[in-house]
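Structural overview
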Amino acid sequence: MKKLIFLLLCIVFASAAFGCSASSKVIKLKAQGEKKEVFHETAEELPPAGYADLIIKARIKTHIEDHYIFESKKSLHGKSGYPFLLNIDGQAATWKVDGQIENTPAYDNKGKRIPDGGKGILYPIKKRIRLSAGLHRIFLGLPEEDYYKEINVTLKDRSVNELEFKPVYKRDSRRIQSFLHGLREFEVYLDGRAIQ
C-alpha cells in the first residue's frame, strides 16, 4: 500500500513539474506585451480631458514559507517578490510584492471558518494608473497560482475609478474554504459594483 501511495505521489509531482497548463501559457504570452503607451502609473491628481484614472486593488493570502513539506523550493508562497501581472490592451507590467505576515482569527464568533483567517502572508497591491477614456481589456494574472482573470471595462472621460479583485479561495474535502487551499478565482468590482 505504501508503494502504491509513493508511486501515485511521484506521478502527481512529475506531471506538475513537466506539464504546462493552458493558463500558464496564456500568462506567459500576456507577460510579453506588445505595446508601450497604453497606461502609466500616476499621482493623485485629476486626469486631463480624454483620460481616466484607474485604481487597481488586488490581494491574495498564501501560507507561510515551508508550510507544506513537498512544495517546490521555487515557489514564492510565503516569500518576497510575489508577482502580479497586469496587461491592458497589450501593454504588460509585473508588480512584485514582498508581502507581510497576517495573523487573524481563523473563526468568527459563531464558529464559522473565515476564508482568509489564520496565519499567512498577505500580498496586497494598490496602483493608480492613467489611460485613455473608453473601452479597455484588462488582464490580471498570478503566475504563482497559474490563474488569471480577464475583463472589459469602460472608463468615462476625466473619471477616477476603482477596480478591485477580491480573492475567493478553494474548499477542502470537508467543504471548508481557506486561503491554505489556494485561490479558486477573483471576484471583480468596478466602483463597488460586481462585473464579469
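Our structure's up above, just so we're on the same page.
Note that the structure is predicted; figures quoted are calculated from it, not measured.

For the rest of this paragraph, the subject is the packing of aromatic side chains. Evaluated as defined, the whole model comprises six aromatic pairs. Taking the centre distance of 5.8 Å and the plane angle of 70° together, the rings of F165 and F186 count as edge-to-face. With F165 in strand β9 (residues 160-169) and F186 in strand β10 (residues 183-190), this residue pair connects regions lying 21 residues apart in the sequence. Across the pair, F186 and F165 agree in class, each one buried. With 6.5 Å between their ring centres and 70° between their planes, Y169 and F179 make a pair best called edge-to-face. Separated by ten residues along the polypeptide, Y169 in strand β9 and F179 in the loop between β9 and β10 bring together distant segments of the chain. Relative accessible area serves as the criterion here: at 2%, F179 is assigned to the buried category. Directly above the aromatic system of F179 lies the positively charged group of K61, at a separation of 4.8 Å from the ring centroid. A cation sits over an aromatic face here: R113 above Y107, 5.7 Å from the ring centre.

On to the environment of K30, then. Its location among the elements puts K30 in helix α2 (residues 22-32). For K30, a relative accessible area of 23% gives the class partly exposed. Measuring from C-alpha to C-alpha, the distance between K30 and I88 comes to 9.3 Å, with 58 residues separating the pair along the chain. The contacts of K30, once residues within four sequence positions are left out, are L85, N87, A92, F139 and E150.

This part is about unusual backbone geometry. Look at D89: it is not a glycine, yet its phi comes out positive at around 50°. Along the chain, D89 falls in the loop between β3 (82-88) and β4 (91-97). Judged by its relative accessible area of 25%, D89 is partly exposed. Positive phi outside glycine occurs at D146, with the angle close to 55°. Here D146 is to be found in the loop between β7 (134-142) and β8 (147-155). Residue D146 is classed as partly exposed on the basis of its relative accessible area, which comes to 31%.

With that settled, the discussion passes to the layout of surface pockets. Quantified by volume, the second largest pocket comes out at close to 150 Å³. The wall of the second largest pocket is formed by R59, P115, D116, K166, P167, V168, Y169, Q177 and E187. Ranked by the residues each element gives to the lining of the second largest pocket, the list is headed by β9, at four residues. Broken down by class, the residue content of the lining of the second largest pocket amounts to four nonpolar, one polar and four charged.

The next subject is the pattern of salt bridges. Within this structure, the stated rule accounts for twelve salt bridges. In this structure, D116 and R59 form a salt bridge, with 3.4 Å as the shortest nitrogen-oxygen distance. Taken together, the positions of D116 in the loop between β5 (100-104) and β6 (118-132) and R59 in strand β2 (residues 51-62) put the pair 57 residues apart, joining distant regions of the chain. When its relative accessible area of 23% is taken as the criterion, D116 is described as partly exposed. Between E150 and R137 there is a salt bridge, and its shortest N-O distance comes to 3.5 Å.

With that settled, the discussion passes to the sheet that holds β4. One open sheet holds the four strands; their spatial order is β4-β3-β7-β8, and the pairing between them is antiparallel. Of all the strands in the sheet, the pair left with one neighbour each is β4 and β8. The sheet shows a mean angle of 20° between the axes of neighbouring strands, taken without regard to direction. Here seven bridges tie β3 to β4, and the two strands are oriented antiparallel to one another. Each bridged residue has a counterpart across the sheet, and for Y82 the counterpart in β4 is V97. Sheet contacts for α2: β3, β4, β7 and β8; angle to β8, the most-contacted strand, approximately 50°.

Rules and cut-offs
- Residues numbered from 1 in each chain as written.
- Predicted model: local features only at pLDDT ≥ 70, side-chain atom pairs only at ≥ 80, totals over all residues.
- Heavy atoms only, no water.
- Phe/Tyr/Trp six-rings, centres within 6.5 Å; stacked < 30°, edge-to-face > 60°.
- Helix = DSSP H or I, 4+ residues; strand = E, 2+ residues; numbered from the N terminus.
- Buried < 20%, exposed > 50% of the residue type's maximum accessible area, 1.4 Å probe, protein only.
- Lys NZ or Arg CZ within 6 Å of the ring centre and 35° of its normal.
- Contact = heavy atoms within 4.5 Å.
- 1 Å grid on protein atoms, 1.4 Å probe; cavity = no way out; pocket = protein on both sides within 12 Å on 5 of 7 lines; lining within 4 Å.
- Points joined across faces, edges and corners; volume = space filled by probe spheres on them.
- Nonpolar A, V, L, I, M, F, W, Y, C, P; charged D, E, K, R; others polar.
- Salt bridge = Lys/Arg side-chain N within 4 Å of Asp/Glu carboxyl O.
- Pairing = 2+ DSSP bridges.
- Axes fitted to C-alpha atoms, helices over the stretch in contact; angles between N-to-C directions.

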